[in-house]
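# A closer look at the structure
Each chain is listed here by its residues.
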Amino acid sequence: MRVDKQVTLDMTQGAIVPLIVRFSLPLLAGNIFQQLYNAVDCIIVGNYVGKEALAAIGSTGFIINALIGFFLGLSAGGAVVISQYFGAKDMDKLHRTVHTMVAGSILAGIFLIISGYFLSPVTLRLMSTPDDVFEMADSYLKIYFTGSLFQLLYNVAASILRAVGDSKSPVYFLIISSLINVVLDFVFVLGFGMGIEGAAYATVISQFVAMVLVLVVMLRTKECYRLSLGKLRLDGQCLRRVLRQGLPGGIQMSITAFSNVFVTGYINRFGSSFLAGWACFGKIDQFSFLPLQSVSLAVTTFAGQNYGAGKMDRIKKGSAISLLMSFAFSSLLILVFEFFPHTLVSLFNRDEEVLRYGSLFMRYGAPFYIFRCFTMVFAGCLRGLGNALAPTVVMLSSFVVFRQIYLFVITRLTASYVPILLAYPVGWGMCGVLITIAYLVYTRSSKVGLRPPGR
């Protein structure tokens, strides 16, 4: 199979900065649109349905991430495998890995539809979800998980495209689906008066559209990642590589999200206004996280392709450049969050208590954003090198073990909500330090030997 250089992007040669920027910008645009329709759900629901409905959506995020995050982590691992095969020009294994990933995502999506429906009410009770929020949150989750198959298939297909350097095509599909979601939000929530259920249906429909668009491209392309329905199967060798690379990340994402379910339980103790303020901060924080996430994905693909081509010095240089880019953005963001928190939170809800709590979350969290630069860049590089275990161990230690111990102890020492506000920022700081140490140790050791991928 041939590799069309006009669509795919070979990151093993050429100036590094233009390559990282060229790959990151489409990712950033796509991620912004993806988060846009999630934010629009909250903006419309928070302003036209009420703060209880806003709190309901806010309480569901970690449950969704706990169930879906595991499989998204696997797909990210599969993308690393594909990027390494692409860098090594092993198109036969690349092709088999593509079909293994798509077949696996179909099975995973069916599992999520069933498990999400039955686990939603149980998990909401574990979180001590307030009574005035519970019914709406349960309804939203059950509808949302009916579209989990669409979401998984889209994300797997998009990760495959990004692994071979095509970060633009998924953007176009996200723009279209996001616009559809925004329109349907207004139609269902405001026009038909469907409340929070209308927002959930709008999301499911938009995810279906994105899935169809990306699969059509993969079915019709003549490139190395072409999808043939008759070849969909779980190839044993490819599956083992995908699991070896993706399982640590999938476990980390799932356990971290599930741990956050219990964190939300601590937040719920302070009532629906505190939870709504947390939901507002969460949506704003997701937008602020997108540039770092885009750079991290670029670094993963960059490191994966160059690892396959045997260019370790180029990988280190690319990581350093990406870190500087991340610093520049985060510094600007800290200033905005410190000086204009009320303005940002008021987009979602204008209740005085919600504004106060949401602003506090932003002001306490913003200074720690610098640590997230280290986390995202170095974790992305380690994954591209095939070391998914180190980021997994570090993130689980920081975001799960430390955070749970911290909250358990601190809530028994004081009834103040201020230590709750610090739970996430302190975890970010700890993770940034540990992941930097892991990166330096690994890249200076003999374990990062440049052997052909898959051997």
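Provided above is the structure to which this section pertains.
Residues numbered from 1 in each chain as written. Predicted model: local features only at pLDDT ≥ 70, side-chain atom pairs only at ≥ 80, totals over all residues. Heavy atoms only, no water.

### Observations concerning the overall build of the protein
Where we set the bar: Runs of H or I in DSSP of at least four residues are treated as helices and runs of E of at least two as strands, each being numbered from the N terminus. Our radius of gyration is a C-alpha quantity, and the globule rule it is checked against amounts to 2.2 Å times the number of residues to the power 0.38. Note on exposure labels: buried denotes an accessible area under 20% of the residue type's maximum, exposed denotes more than 50%, and partly exposed covers the range between, all computed with a 1.4 Å probe on protein chains only. Contacts between residues were defined by any pair of non-hydrogen atoms, one from each residue, lying within 4.5 Å.
Each helix and strand counted, the protein has 15 helices and zero strands in total. For the protein, whose C-alpha radius of gyration is 21 Å, the value lies close to the compact-globule estimate of 23 Å for 455 residues. The principal-axis extent of the C-alpha atoms belonging to the protein is close to 60 × 45 × 35 Å. When burial is assessed residue by residue, the protein has 60% of its 455 residues classed as buried. A separation threshold of at least 6 residues defines the contact pool for the protein, and within that pool the share at least 24 residues apart is 84%.

### Considering the pattern of salt bridges
Put simply, the rule reads: Any Lys or Arg side-chain nitrogen located within 4 Å of an Asp or Glu carboxyl oxygen qualifies as a salt bridge.
Inspection of every chain in the model, using the stated rule, returns four salt bridges. Between arginine 96 and aspartate 92 there is a salt bridge; the shortest N-O distance is 3.5 Å. In this pair, arginine 96 and aspartate 92 are both assigned in helix H3 (residues 91–126), four residues apart and thus about one turn of the helix distant. Of the charged contacts in the structure, one is a salt bridge between lysine 142 and aspartate 138, with a shortest N-O distance of 3.3 Å. Taken together, the residues lysine 142 and aspartate 138, both in helix H4 (residues 131–145) and four residues apart, mark about one turn of the helix. The partly exposed category is assigned to lysine 142, whose relative accessible area is 23%.

### Remarks on unusual backbone geometry
What is expected of a backbone is that most residues other than glycine have negative phi and most peptide bonds are trans. In this model, lysine 89 sits at a positive phi of 60°, which is unusual for a non-glycine residue. Along the chain, lysine 89 turns up in the loop between helix H2 (51–88) and H3. Exposure remark for lysine 89: the relative accessible area of 43% places this residue in the partly exposed category.

### Let's talk about a nonpolar patch on the surface
Definition in use: Patches in this entry comprise residues that are over 30% relatively accessible and not in a salt bridge; like charges within 9 Å are linked, as are nonpolar side chains (Val, Leu, Ile, Met, Phe, Trp, Tyr) within 5 Å. Only the protein chains shown count as cover for residues, and all accessible areas are computed by the Shrake-Rupley method using a 1.4 Å probe.
A cluster of nonpolar side chains, Leu332, Leu335, Val336, Phe339 and Phe340, forms an exposed patch at the surface whose accessible area comes to about 510 Å². Here phenylalanine 340 is to be found in the loop between helix H10 (312–339) and helix H11 (341–345).

### What to know about the packing of aromatic side chains
Inclusion rule: What counts as a ring pair is set by centres within 6.5 Å for rings of Phe, Tyr and Trp (its six-membered ring), and what kind of pair is set by the plane angle: stacked under 30 degrees, edge-to-face over 60, tilted for all other angles. Note on geometry: a ring has a charge over it if NZ (lysine) or CZ (arginine) is within 6 Å of the ring centre and within 35 degrees of the ring normal.
Per the stated rule, a full pass over the model turns up 22 aromatic pairs. Following the ring pairs from residue to residue traces out a cluster consisting of Phe270, Phe274, Trp278, Phe281, Tyr357, Phe361, Tyr417 and Tyr424. Here the guanidinium or amino end of lysine 142 rests over the ring plane of tyrosine 117, the centre of that ring lying 4.9 Å away. Positioned above the aromatic ring of tyrosine 424 is the side chain of arginine 403, whose terminal nitrogen or guanidinium carbon lies 3.9 Å from the ring centre.

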